[in-house]
Amino acid sequence: MDLSNLKPAAGSTKNRKRIGRGQGSGTGKTSGKGHKGQNARSGGGVKPGFEGGQMPLQRRIPKRGFVSRNKKVYNLINLRDLDAFETGTVVDLAQYGSAGLVNGIKDGVKILADGELTKALTVYAHKFSKTAVAKIEAAGGKVEVI
């Protein structure tokens, strides 16, 4: 067997439909579009979501509330998660990723104060809660805002 003998598996390829190539082709004359009507015309057809004049689904269902397009979404990390690091470690974005604390940076990382921190760490993040800052500094660590 060599490259000249290769061919696709049976049934895996199909010839394209050649429309408008005479009656013998099975799609002659009207080219498979039937007789007259909106879909037979050049440029005809309806836009996605059009339901024949019936009120479309996206307009029928109720709309509630407001979603801000400018909202920031942060990865949240608690102090009890930071306690796994060794004393004196500089904890930055790379450390969060390698420890499995974040799964892709969204709009940043925010440190929250849940749990206790017993080690002195230098913590880098985009945001901190006030209580988290107090607990980190009480443990002898430093807080650095990125």
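Attention in this report is confined to the structure presented alongside it. (Residues numbered from 1 in each chain as written. Predicted model: local features only at pLDDT ≥ 70, side-chain atom pairs only at ≥ 80, totals over all residues. Heavy atoms only, no water.)

Here's the deal with the side chain of Thr-122
Relative to the assigned elements, Thr-122 resides in strand E4 (residues 122-125). The exposure class assigned to Thr-122 is buried, which follows from its relative accessible area of 18%. Residue contacts for Thr-122: discarding those within four places in its chain leaves Thr-89, Val-90, Val-91, Lys-142 and Glu-144. (Helix = DSSP H or I, 4+ residues; strand = E, 2+ residues; numbered from the N terminus. Buried < 20%, exposed > 50% of the residue type's maximum accessible area, 1.4 Å probe, protein only. Contact = heavy atoms within 4.5 Å.)

Describing the sheet that holds strand E5 (residues 127-128)
Across the sheet, 3 strands lie side by side as E1-E3-E5; this open sheet has parallel pairing. Bordering the open sheet on either side are strand E1 (75-78) and E5, each of which pairs with just one other strand. (Pairing = 2+ DSSP bridges.)

Some remarks on the sheet that holds strand E6 (residues 142-145)
If you trace the 3 strands from one edge of the open sheet to the other, you get E2-E4-E6, paired in parallel fashion. The open sheet has two free edges, formed respectively by strand E2 (90-91) and E6, since each of these has just one partner strand. Looking at chain direction, E4 and E6 are connected through 4 bridges and run parallel. Within the sheet, the bridge partner assigned to Val-123 lies in E6 and is Val-143.

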